[in-house]
Each structure stands twice: as C-alpha cells, then as structure tokens.
Amino acid sequence: MHSQAPDVGAPSLLEALRTGTALLHVALEKRLPFFSDDLNADWYQRLLQAYYGFYQPMEAALYDCDLIPEGFDRVLRVKTPTLLNDLYALGLSETTVKALPRCTELPTLETPAACLGALYVLEGATLGGQVLRREMAQRLGIDARNGGAFLDIYGAETGRRWKDFLDYLGRMPLDAHARQHAVDAARSTFSCFEQWLDSQEVLL
Ligand code: HEM
C-alpha cells in the first residue's frame, strides 16, 4: 500500500469514495425493483438469487486475495452465508443453489486500496438495506425469518457497524494514487453489480 504523507487539502478517502460513486448509487437505486408495484414474491426470489450470484464470488475474491488491510473483521461482516440462508428459507434446495449462475466479471482487486473501495460499497449497502427491509416486510410479508435476513444483516447494529467501518477507513494512510485505486474499485463494484443484475433480468 502507498503510505506516504497524506496530501493536505486533498479530499479524504471517504469523501473521494462518496463523490466518486454518488451517481452510480442513484442510477442503480432507480433500477432496483424494491419499490416497484410489480414486485412480487417470484421477482423478489429471482432478485435475491442474483444478489447471491454476485456476493458469493465477490466476497470469495475479496477474502481470498489476502489484501484487505488489517482491522476488518470478516467473520462479523461476511454476507454470503446470510444470503444463502435466505435462499433456503425461500424454499431453494442445496442442489438448486449450487447450480445458480455466478458473476465472473468482478472488479480488479490487486491492491489493498482496491479492496477498501469494494468493501465501502458492500458495507454501505447495509444502510439502504434498512429501508428495503421495512418495504419488503410491508409489501411481501418478508422478514428475517422467511427470506429477508440479508436486508437486515446487521439489525440494530447497522449504524454502529457503519461508523466502525468509517473509523477503519479513516485510519488508512492512503496517498492520492492509492485513493484513486479505491475509488476506481468502488465504481467498478457498482457497475459490475449493476451489469450482473441486468444480465439476470431482475432490474427495472
Ligand atoms: C433501492 C435500493 C437502495 C436504497 C433505497 C438505498 C438507500 C440508501 C440509503 C438511505 C443510504 C444512507 C444514506 C445516508 O445515511 O446518508 C445508502 C447509503 C449507501 N448505499 Fe444504498 N441504497 C440502495 C441500494 C444500494 C446498493 C445495491 C448498493 C451497493 C451494492 C448501495 C450502496 C450504498 C453505499 C456505498 C452507501 C454509503 C454512502 C455513504 O454514506 O458514504 N446501496 N443507501
């Protein structure tokens, strides 16, 4: 990792990540069907299958590359097992889950900074999950016990875990070059996810 003196006056890593991904977030949010009148149980299940098809290889790539800077608690934050349990709760068998398509066009994770950028996206998504959890409960009767645990993955700890993650990001001594790697990876995580969901025909 680049660890030269931080440039005074340059945007912080978090600011750079926010600025770099804000439009991509808005664009994806608009295409996700959670608030669509046409969303039904079948579409929700296909959507969750597609989420699994992205998160499973994405988290595996992140954890296998061994480049995540120290201080990130993967046991606490891993999300694929929860998605898997949701799929089982929705009635999918182990065989069906194994056969689900998985995304192969993933962001390049060749530096610790790139891992931080990708993690920012996956951790930030838990914030929106809180909004979506309420919506799915109201509209489809889906909660943490019958296929909606992923949307509420950190439950009452959501705010605290996000703050802890931001503190972790804030401790990373990235120079401008590394910061750019982080932003590129975060942007790429958004676009790979959107393209994958699109290919699975679950977006509006
Ligand atoms: C319809 C779907 C979504 C809704 C309604 C939604 C909504 C939200 C909300 C309300 C926040 C918190 C903003 C704040 O507290 O300032 C947030 C933050 C965030 N969301 Fe989403 N979101 C959605 C989907 C996603 C997805 C699919 C991803 C990525 C895979 C994502 C990534 C993020 C990130 C990275 C942040 C953190 C932004 C920051 O404060 O730095 N969101 N979202």
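Residues numbered from 1 in each chain as written. Predicted model: local features only at pLDDT ≥ 70, side-chain atom pairs only at ≥ 80, totals over all residues. Heavy atoms only, no water.

Chemist: What's the story with the overall build of the protein chain in this structure? I'm lost.
Modeler: What the protein chain contains, in helices and strands, is eight helices and zero strands. Helices (α) and strands (β) of the protein chain occur, in sequence order from the N terminus, as α-α-α-α-α-α-α-α. Taking 2.2 N^0.38 as the reference for a compact globule, 204 residues should give roughly 17 Å; the C-alpha atoms of the protein chain span a radius of gyration of 17 Å, in line with that estimate. The proportion of buried residues among the 204 residues of the protein chain is 47%. Of the contacts formed within the protein chain by residues at least 6 apart in sequence, a portion of 85% connects residues at least 24 apart. In the structure as shown, the protein chain presents an accessible area of about 10,300 Å², 52% of it carried by carbon and sulfur atoms. (Helix = DSSP H or I, 4+ residues; strand = E, 2+ residues; numbered from the N terminus. Rg over C-alpha atoms; globule rule 2.2 N^0.38 Å. Buried < 20%, exposed > 50% of the residue type's maximum accessible area, 1.4 Å probe, protein only. Contact = heavy atoms within 4.5 Å. Areas by Shrake-Rupley, 256 points an atom, 1.4 Å probe, with all protein chains shown as cover.)

Chemist: How should I be thinking about the packing of aromatic side chains in this particular structure?
Modeler: Here a ring pair, both rings aromatic, is described through the centre-centre distance and the interplanar angle of the planes. Applying the stated rule across the entire model yields 13 aromatic pairs. Each ring, one from Phe34 and one from Tyr51, has its centre 6.4 Å from the other, and the planes form 75°; the classification is edge-to-face. You can see Phe34 sitting in the loop between helix H1 (13–31) and helix H2 (41–64) and its partner Tyr51 sitting in helix H2, a full 17 residues away along the chain. Tyr51 carries the same exposure label as Phe34, and that label is buried. (Phe/Tyr/Trp six-rings, centres within 6.5 Å; stacked < 30°, edge-to-face > 60°.)

Chemist: Is there a simple way to think about the environment of Gly170 in this case?
Modeler: Note that Gly170 resides in helix H7 (residues 158–170). Residues Gly170 and Ser12 lie 158 residues apart in sequence; the distance between their C-alpha atoms is 8.0 Å.

Chemist: Looking at this structure, I do not really get the coordination of the iron atom of the ligand. What am I missing?
Modeler: Angles at a metal have ideal values that depend on geometry: 109.5 degrees with four tetrahedral donors, 90 or 180 degrees with six octahedral donors. There is one protein donor for the iron atom of the ligand, namely His25 (NE2), at 2.1 Å. By the element assignment, His25 lies in helix H1. (Donors = N, O, S within 2.8 Å, 3.2 Å for Na, K, Ca; no water.)

Chemist: Whenever I open this one, the layout of surface pockets confuses me. Can you help?
Modeler: It is the rolling of a water-molecule-sized probe over the atoms that shows where space remains empty. When its volume is computed, the largest pocket comes out at roughly 730 Å³. Of all the secondary-structure elements, those providing two or more residues to the lining of the largest pocket are H1, H2, helix H6 (112–140) and helix H8 (176–199). It is H6 that contributes the most residues to the lining of the largest pocket, 11 residues altogether. Taken together, the residues of the lining of the largest pocket sort by class into 21 nonpolar, seven polar and three charged. Roughly 160 Å³ of volume is contained in the second largest pocket. For the lining of the second largest pocket, the elements supplying multiple residues, two or more each, are H1 and H7. (1 Å grid on protein atoms, 1.4 Å probe; cavity = no way out; pocket = protein on both sides within 12 Å on 5 of 7 lines; lining within 4 Å. Points joined across faces, edges and corners; volume = space filled by probe spheres on them. Nonpolar A, V, L, I, M, F, W, Y, C, P; charged D, E, K, R; others polar.)

Chemist: Hey, could you run me through the site of the ligand in this one?
Modeler: Among the 17 residues in the neighbourhood of the ligand, the closest are listed as Arg18, His25, Tyr120, Gly124 and Gly128. Tyr120 is positioned such that a nitrogen or oxygen atom in its side chain is 2.6 Å from an oxygen atom of the ligand. The site holding the ligand turns out to be the largest pocket. Those elements that place two or more of their residues in the shell around the ligand are H1, H6 and H8. If one sorts the elements of the shell around the ligand by residue count, H6 sits on top with eight residues. Classifying every residue of the shell around the ligand by side-chain character gives 12 nonpolar, three polar and two charged. (Near = heavy atom within 4 Å. Polar contact = N/O pair within 3.5 Å; in protein donor to acceptor, adjacent residues only side chain to side chain. Sits in = over half its atoms within 2 Å of the grid points.)

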